[in-house]
Amino acid sequence: MNKILATGGTGYIGSHTVVELIKAGYEVDIVDNLFNSKSTVIDKIEEITGKKPNFYKVDLLDSEELEKVFNQNEYDAVLHFAGLKAVGESVEKPLLYFHNNITGTINLLKAMQNHHVDKLIFSSSATVYGVQDSPEYIETMQTGVGISNPYGRTKYFIEEIIKDYATSNPDFEAILLRYFNPVGAHPSGLLGEDPNGIPNNLMPIIMRVWDGRIDQLSVYGNDYPTADGTCRRDYIHVVDLAKGHVICLNHLKKGVEVYNLGTGEPSSVMEIINAFEKASNEKLPYKIIERRAGDLPEFWADAHKANSELGWHTELTIDDAMRDTINYLKKNKD
Ligand code: NAD
Ligand code: WQD
């Protein structure tokens, strides 16, 4: 197996994964519509790896253009990162999210089917677990119940679509990766999270407070039943996450497998603020405001399945993630 297509490969997680794939010797093509990323990422990937991935500026909703990409290349596997991911926006524009994420995935699966490409790794999310009795999410838990927003439901529906497609195609091999909260940047400072528009996730907001584009961080509640009262999440360094994908390529087998990719150790919002302040040696302005609708007090990954079956373990810490984020910020001030 040598040639990989990465949809959404210029995005945050996709770009870090493309770097790790190239480092592992794979040839990688990228399809992205650049809705939430920049084409300059391709040059950054080349700067880090010495190899420039082929880039197709194609929207997954444009099945004809997608078909042309598959006509021109023979892919061994597809890593499917492309999708819209802003939870709040998905509540305002559910049809946009269902159309982009679900129709985009169906178009991709059709192109794969037409060209007999039978290996897929899909970027799913811890959000598919919805509401559970335990905050430690394990792959065997039922999914799809109590998901609080349309974005999360697109991930759940896509997982089900992939399972149904696999049932119909006995040659199909898929892995659904449920990411927890990816943070950090490439240690080179060349790649990091740089969303277009107003960010919603904690780290991109902290980054904009640091560079002055946002006045202060609003912490959504400090009256949760956690030690310091702020919510706890499983923050995973994006490079550890990226490496997980490369390992998965060697573990694809007939049918559909699911893995949580998380550290198994949650941190609170206050712990993240403290770690950022320590790494930057600067105070981060913040205020405590009311809870954000839909936030759960805490959840984290049971990562034992990925640890034991894939031999994948996280190597980087929250402090590493903060150091790499500050380095990225300093190198990309302009
Ligand atoms: P990102 O926005 O940085 O990357 C996604 C990329 O997909 C972007 O470059 C965007 O331009 C592209 N894209 C979107 N719709 C497209 C379409 N129709 N056709 C072609 N390209 C399209 O996001 P990310 O953080 O790198 O996330 C990657 C994947 O991982 C997403 O599917 C996301 O839902 C999932 N995920 C992310 C997180 C997270 O917190 N970052 C957590 C869990 C799951
Ligand atoms: C993290 C913590 C907030 C912003 C979401 C999606 C999930 C997955 C990851 C894709 C929470 C707090 C945040 C701010 C804050 N994405 N926070 N002030 O909500 O855990 O998960 O992103 O699949 O599906 O739901 O991530 O980064 O938004 O929030 O206090 O301005 O930071 O309350 O506790 P979340 P997040």
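What counts and what doesn't
Residues numbered from 1 in each chain as written. Chains lettered and ligands numbered in written order. Predicted model: local features only at pLDDT ≥ 70, side-chain atom pairs only at ≥ 80, totals over all residues. Heavy atoms only, no water. Helix = DSSP H or I, 4+ residues; strand = E, 2+ residues; numbered from the N terminus. Buried < 20%, exposed > 50% of the residue type's maximum accessible area, 1.4 Å probe, protein only. Contact = heavy atoms within 4.5 Å. Near = heavy atom within 4 Å. Polar contact = N/O pair within 3.5 Å; in protein donor to acceptor, adjacent residues only side chain to side chain. Areas by Shrake-Rupley, 256 points an atom, 1.4 Å probe, with all protein chains shown as cover. Nonpolar A, V, L, I, M, F, W, Y, C, P; charged D, E, K, R; others polar. Expected span 1.5 Å × (residues − 1). Pairing = 2+ DSSP bridges. Axes fitted to C-alpha atoms, helices over the stretch in contact; angles between N-to-C directions.

Asker: Describe the environment of Ser280, naming the residues involved and giving the relevant values.
Answerer: You can see Ser280 is positioned in helix H9 (residues 269-280). Residue classification places Ser280 among the buried residues on the basis of a relative accessible area of 7%. Residues Ser280 and Met322 lie 42 residues apart in sequence; the distance between their C-alpha atoms is 8.1 Å. Beyond its immediate sequence surroundings of up to four residues, Ser280 is in contact with Trp210 and Ile326.

Asker: Could you give an account of the site of ligand 1, with specific residues and numbers?
Answerer: Taken together, 27 residues lie near ligand 1, and Asp32, Asn36, Ser37, Tyr151 and Lys155 sit nearest. Asp32 is positioned with one of its side-chain polar atoms (N or O) 2.6 Å from an oxygen atom of ligand 1. Between ligand 1 and Phe35, the relevant distance is 3.0 Å, taken from an oxygen atom to a main-chain nitrogen or oxygen of the residue. When ligand 1 is considered free in solution it has 820 Å² of accessible area, and contact with the protein chains removes 96% of it. If you list the elements that add at least two residues to the shell around ligand 1, you get helix H1 (12-23), strand E5 (119-125) and helix H6 (150-168). Considering each element in turn, the shell around ligand 1 owes the most residues, 3 residues, to E5. A per-class count over the shell around ligand 1 returns 12 nonpolar, 11 polar and 4 charged.

Asker: A description of H1 should follow, citing residues and the corresponding values.
Answerer: Helix length check: H1 (12 residues) gives 17 Å between terminal C-alpha atoms against 16 Å at 1.5 Å per residue, within 8%. Most of H1 sits out of view: 11 of its 12 residues are buried. Trailing H1 by a residue or two, Gly25 shows a phi angle of about 100 degrees, which is positive.

Asker: An account of the site of ligand 2 is needed here, citing residue identities and associated values.
Answerer: In the vicinity of ligand 2, 19 residues are found, and the nearest of them are Ser125, Tyr151, Ser218, Arg233 and Asp295. One of the side-chain nitrogen or oxygen atoms of Asn181 is found 3.0 Å away from an oxygen atom of ligand 2. At a separation of 2.6 Å, an oxygen atom of ligand 2 approaches a polar side-chain atom of Asp295. Protein chains shield 89% of the accessible area of ligand 2, which is 680 Å² for the free molecule. Looking at the shell around ligand 2 element by element, the count peaks at 4 residues for strand E9 (residues 217-220). Residues belonging to the shell around ligand 2 are distributed by class as follows: 10 nonpolar, 6 polar and 3 charged.

Asker: Go over the side chain of Glu159, please, and point to the residues and values.
Answerer: Secondary-structure assignment places Glu159 in helix H6. Setting aside its immediate chain neighbours within four residues, Glu159 contacts Phe122, Ser124, Val128, Leu176 and Arg178.

Asker: Can you break down the pairing of strand E3 (residues 54-57) residue by residue, with the values?
Answerer: Taken together, the 4 bridges between strand E2 (residues 27-32) and E3 define a ladder with parallel strand orientation. Across the sheet, Ile30 pairs through a bridge with Phe55, a residue of E3.

Asker: How would you summarise the sheet that holds E3 if you had to cite specific residues and measurements?
Answerer: Overall, parallel pairing links the 7 strands, which are arranged E3-E2-E1-E4-E5-E7-E12 in an open sheet. Unpaired on one side and paired on the other, E3 and strand E12 (255-261) mark the two borders of the sheet. Direction aside, the axes of adjacent strands within the sheet are offset by 20 degrees on average. Two strands pair when backbone bridges link them, and strand E7 (residues 173-179) and E12 are joined in this way by 7 bridges, in the parallel orientation. What sits directly across from Ile175, in E12, is Glu257. In the packing of H1 onto the sheet, contacts are made with strand E1 (3-7), E2, strand E4 (77-80) and E7, and the angle to E2 comes to roughly 165 degrees.

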